[in-house]
Amino acid sequence: MPTDALGQALLLTARNAIGKRFGRAASPVGTLAELAEPGATFVTLTQRGQLRGCIGSLEAQRPLAIDVAENAIAAAFRDPRFPPLEEDELSCTRVEVSLLTPAEPFPVASEADALSRLRPGIDGLILSYGRRRATFLPQVWESLPEARQFVAQLKLKAGLPADFWHAQIALARYGARKWKET
């Protein structure tokens, strides 16, 4: 299966799901076996290069096509950081879909150990502590290229102080393939 065909199908599926909420006709996606297989995705929406919504799944629990469609709708209309997308914004909104690999536990002895072993630009990271949990996709390294800054901002996203560390912090890392509308 060519990567570009899968990416095109995922981008169309996401855009179709959002457009349907405004009564727009769907573009044909085509039939790809991978769309019926379980998949975990994040859908990121941007406008003029600025984040407009991002929602996703960390674990593959439903067919890929359904996961992308549901995450696209959630990113457009239910991201708590932004008001729901308006129809007149649709033409200036760019869709990006990230297909995640399964997360693997990333045991570390300390924060310094984590910082030294993270792979900038490659690793997506999930941080869990008690009931708090947050993730950054691998592409977040583009705006936070230093490991210390990346982890500090992830802790803030989880509702923890940037300088907090505890032996019970659990980390997991994953990779992602991504496609973005031009």
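The structure we're discussing is the one just above.
Sequence order as written defines the numbering, with residues in each chain counted from 1. Since the coordinates come from a predicted model, pLDDT governs what is reported: local features require at least 70, and pairs of side-chain atoms require 80 or more to be given and counted, while whole-chain, interface and lining totals use all residues. Hydrogens and water are ignored here; the side-chain numbers use all heavy atoms of the structure.

(A) Representation of the overall build of the chain. Going along the chain from the N terminus, every DSSP run of H or I of four or more residues is numbered as a helix, and every run of E of two or more is numbered as a strand. Regarding its fold elements, the chain presents four helices and eight strands. Going residue by residue from the N terminus, the α and β elements of the chain occur as α-β-β-α-β-β-α-β-β-α-β-β. Computed over C-alpha atoms, the radius of gyration of the chain comes to 17 Å, within 12% of the 16 Å expected from 2.2 N^0.38 for 182 residues, which places it in the range of a compact globule. Its C-alpha atoms put the chain at 50 × 35 × 30 Å along the principal axes. Per-residue accessibility, obtained with a 1.4 Å probe over protein chains only, is compared with the maximum for each type, and a residue is labelled buried under 20%, exposed over 50%, and partly exposed between these values. A buried classification covers 47% of the 182 residues belonging to the chain. Contacts are assigned to residue pairs that have any heavy atoms within 4.5 Å of one another. When contacts within the chain are restricted to residue pairs at least 6 apart in sequence, long-range pairs at least 24 apart make up 69% of them. Total accessible area on the chain stands at roughly 9700 Å², and carbon and sulfur atoms take up 53% of it. Averaging the locations of the 22 positively and 20 negatively charged side chains of the chain gives two centres separated by 3 Å. With C-alpha atoms as the basis for the radius of gyration, the globule rule is written as 2.2 Å multiplied by the number of residues raised to the power 0.38. Under the convention used here, a 1.4 Å probe and the Shrake-Rupley method define accessible areas, while residue burial counts only the protein chains that appear. Under the counting rule used here, the positive set is Lys and Arg, the negative set is Asp and Glu, and His together with the chain ends is not counted. For this purpose, a charge sits on NZ of Lys, CZ of Arg, CG of Asp or CD of Glu.

(B) Representation of the pattern of salt bridges in the model. A pair is scored as a salt bridge if a Lys or Arg side-chain nitrogen falls within 4 Å of a carboxyl oxygen belonging to Asp or Glu. For the coordinates displayed, the defined rule picks out eleven salt bridges. Ionic pairing is found between D67 and R62, a salt bridge with its closest N-O pair at 2.8 Å. Of the residues examined, D67 reaches a relative accessible area of 1% and is grouped as buried. Residues D113 and R117 are paired through a salt bridge, measuring 3.1 Å at the closest nitrogen-oxygen approach. Linking D113 with R117, this pair stays in helix 3 (residues 111-117), spanning four residues, or about one helical turn. The network of salt bridges with shared partners includes R119, D123 and R173.

(C) Fine view of unusual backbone geometry. Even without a glycine there, the phi angle at R48 is positive, about 50 degrees. When you line up the elements, R48 lands in the loop between strand 1 (41-47) and strand 2 (50-56). The class of R48 is exposed, set by a relative accessible area of 69%.

(D) Quick peek at the pairing of strand 2. Strand pairing is defined by DSSP finding a minimum of two bridges between the two strands. Here strand 1 pairs with strand 2 via six bridges, running antiparallel. Along strand 2, the bridge assignment pairs Q47 with Q50. The hairpin formed by strand 1 and strand 2 contains two residues between the paired strands, and R48 there has a positive phi angle of roughly 50 degrees.

(E) Quick look at the sheet that holds strand 5 (residues 124-129). Here four strands make up an open sheet; going across it, the order is 4-7-5-6 and the pairing antiparallel. Because the sheet does not close on itself, it has two edges, and the strands there are strand 4 (104-105) and strand 6 (132-136). Pairing of strand 4 with strand 7 (residues 170-174), which is carried by two bridges, proceeds in the antiparallel orientation. From the neighbouring strand, P105 faces strand 7, where its bridge partner is A172.

(F) Up close: the sheet that holds strand 8 (residues 176-180). A sheet is described by the order of its strands in space; here four strands give the open sequence 2-1-3-8, paired in antiparallel fashion. If you trace the sheet from one side to the other, it starts and ends with strand 2 and strand 8, each paired once. Sheet twist, expressed as the mean angle between neighbouring strand axes with direction ignored, is 20 degrees. Two elements, strand 1 and strand 3 (residues 93-100), share seven bridges in a ladder whose sense is antiparallel. For V43, the partnering residue across the bridge sits in strand 3 and is V97. Helix axes use the C-alpha atoms of the stretch in contact, all axes being lines fitted to C-alpha atoms, and the angles between their N-to-C directions lie in the range 0 to 180 degrees.

(G) Here's a closer look at the side chain of E89. Along the polypeptide, E89 turns up in the loop between helix 2 (64-77) and strand 3. A residue is classified by how much of its surface remains accessible, and E89, at 16% relative accessible area, is buried. Think of a polar contact as two N or O atoms within 3.5 Å of one another; within protein, one of them needs to be a possible hydrogen donor and the other a possible acceptor, and neighboring residues in sequence only count if both atoms come from side chains. One polar contact links the side chain of E89 to the main-chain amide nitrogen of E86, over a distance of 2.7 Å. Apart from the residues lying within four places of it in its own chain, the contact partners of E89 are Q47, R52 and P84.

(H) Geometry of the state of the cysteines. Cysteine sulfur atoms that pair up within 2.5 Å are treated as a disulfide. Taken as a whole, this structure holds zero disulfides when the rule is applied. We note that C54 lacks a disulfide partner, and the nearest cysteine sulfur, in C92, lies 17 Å from it.

(I) The pairing of strand 5, seen in detail. Relative to strand 7, strand 5 runs antiparallel, the two sharing five bridges. Opposite L125, over in strand 7, you have R173 as the bridge partner. A loop of two residues connects strand 5 with strand 6, the two strands running antiparallel in sequence, and G130 in this loop sits at a positive phi of about 60 degrees.

Distances and angles like these do not, on their own, reveal function.
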